[in-house]
Structure formats: C-alpha cells, structure tokens
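# What the coordinates show
Single-letter residue listing:
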Amino acid sequence: MPLLTIKTNIKLNDKTELAEAASLTTASILSKPESYVMVQIEDELCLMFGGKHQPCALLELKSLGLAETSTADFSAQLCEFIHAQTGIEPSRIYIEFSNPERHMWGWDKHTF
C-alpha cells in the first residue's frame with residue numbers, strides 16, 4: 001500500500017510520465033509490488049523553502065512496514081529521482097516518512 005505524494009511549486013509538463021516513473025521507483029526501493037503503489041502529484045503550489053520561492057518539493061512516503069533503518073537510503077534515492085526528473089536540488093526537498101498501523105489503512109472494503 002505504498003503512497004508517494006509529490007508536491008512542488010514548479011509546473012510539471014508531463015505529470016503522467018512522472019507518476020509512472022515514480023510508481024516504478026517506489027515499488028523498486030521498497031521491494032513491493034507496483035500493483036499496490038499509488039502516486040499523487042500536485043504542481044504549481046504556493047510552496048517556499050528557506051524563505052525563497054525557488055524550485056522545491058515536499059514528498060510524503062507512507063508504507064506499511066516502513067523500516068526506520070532504511071529511511072536514509074530511501075531519502076537518497078527519492079532525492080536523486082526527483083532531481084533527475086525535475087531538476088529540483090536535493091537540498092530543496094523535504095521527505096516525510098510514515099508507517100501507519102495496518103488497521104489504520106483501508107483498501108478494497110477491508111484494512112490491511
């Protein structure tokens with residue numbers, strides 16, 4: 001049930017292409033089937049970082065069983081991915097990781 005949310009203050013020319021690449025990347029770094037991955041993208045937001053309106057991004061990665069010992073590696077991979085796809089510098093990207101309890105995440109009329 002991984003969910004990757006990408007929010008940015010820049011205009012993204014092809015959100016569909018970015019979503020497809022983000023879905024594959026998320027499945028790969030988490031070693032989970034892509035069939036469970038959801039990606040949400042919001043661009044052209046009023047978002048500033050460090051008092052400046054230069055390109056920046058906020059990512060949120062939610063996944064059941066997200067290992068705290070792996071978040072530094074996930075951060076590096078996601079920052080590299082966003083930089084390659086958008087040109088946003090890793091120093092202007094924040095990532096929030098969360099590991100919801102199984103009973104707090106629903107899907108297909110059930111919870112995990």
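The structure we're discussing is the one just above.
Reading the values: the criteria
- Residues numbered from 1 in each chain as written.
- Predicted model: local features only at pLDDT ≥ 70, side-chain atom pairs only at ≥ 80, totals over all residues.
- Heavy atoms only, no water.
- Axes fitted to C-alpha atoms, helices over the stretch in contact; angles between N-to-C directions.
- Helix = DSSP H or I, 4+ residues; strand = E, 2+ residues; numbered from the N terminus.
- Parallel < 35°, antiparallel > 145°, perpendicular 65-115°, else oblique.
- Left-handed = near helix turned anticlockwise from the far one by under 90°.
- Contact = heavy atoms within 4.5 Å.
- Nonpolar A, V, L, I, M, F, W, Y, C, P; charged D, E, K, R; others polar.
- Pairing = 2+ DSSP bridges.

## So, the packing of helix α1 (residues 15-30) against helix α2 (residues 71-86)
Running from amino to carboxyl end, α1 crosses α2 at an angle of 160°, the nearest separation of the two axes being 11 Å. By the angle class used here, α1 and α2 are roughly antiparallel. In this structure, α1 meets α2 at a crossing whose hand is right-handed. Contacts between α1 and α2 pair Leu18, Ala21, Ala22, Thr25, Ile29 and Leu30 from the former with Phe74, Gln77, Leu78, Phe81 and Gln85 from the latter. Considered class by class, the residues forming the contact of α1 with α2 number eight nonpolar, three polar and no charged.

## Brief notes about the sheet that holds strand β2 (residues 38-42)
Strand order in the open sheet formed by four strands is β2-β1-β3-β4, and the pairing between neighbours is mixed. On the outer flanks of this sheet lie β2 and β4 (93-98), each paired with one strand and no other. The sheet shows a mean angle of 10° between the axes of neighbouring strands, taken without regard to direction. Relative to β4, strand β3 (residues 57-62) runs parallel, the two being bridged by six bridges. Across the sheet, Leu61 pairs through a bridge with Phe97, a residue of β4. Sitting on the sheet, α1 is in contact with β1 (3-8), β2 and β3, with an inclination near 135° to β2. Most of the contacts of α2 go to β4, to which it runs at about 135°, and overall it touches β1, β3 and β4.

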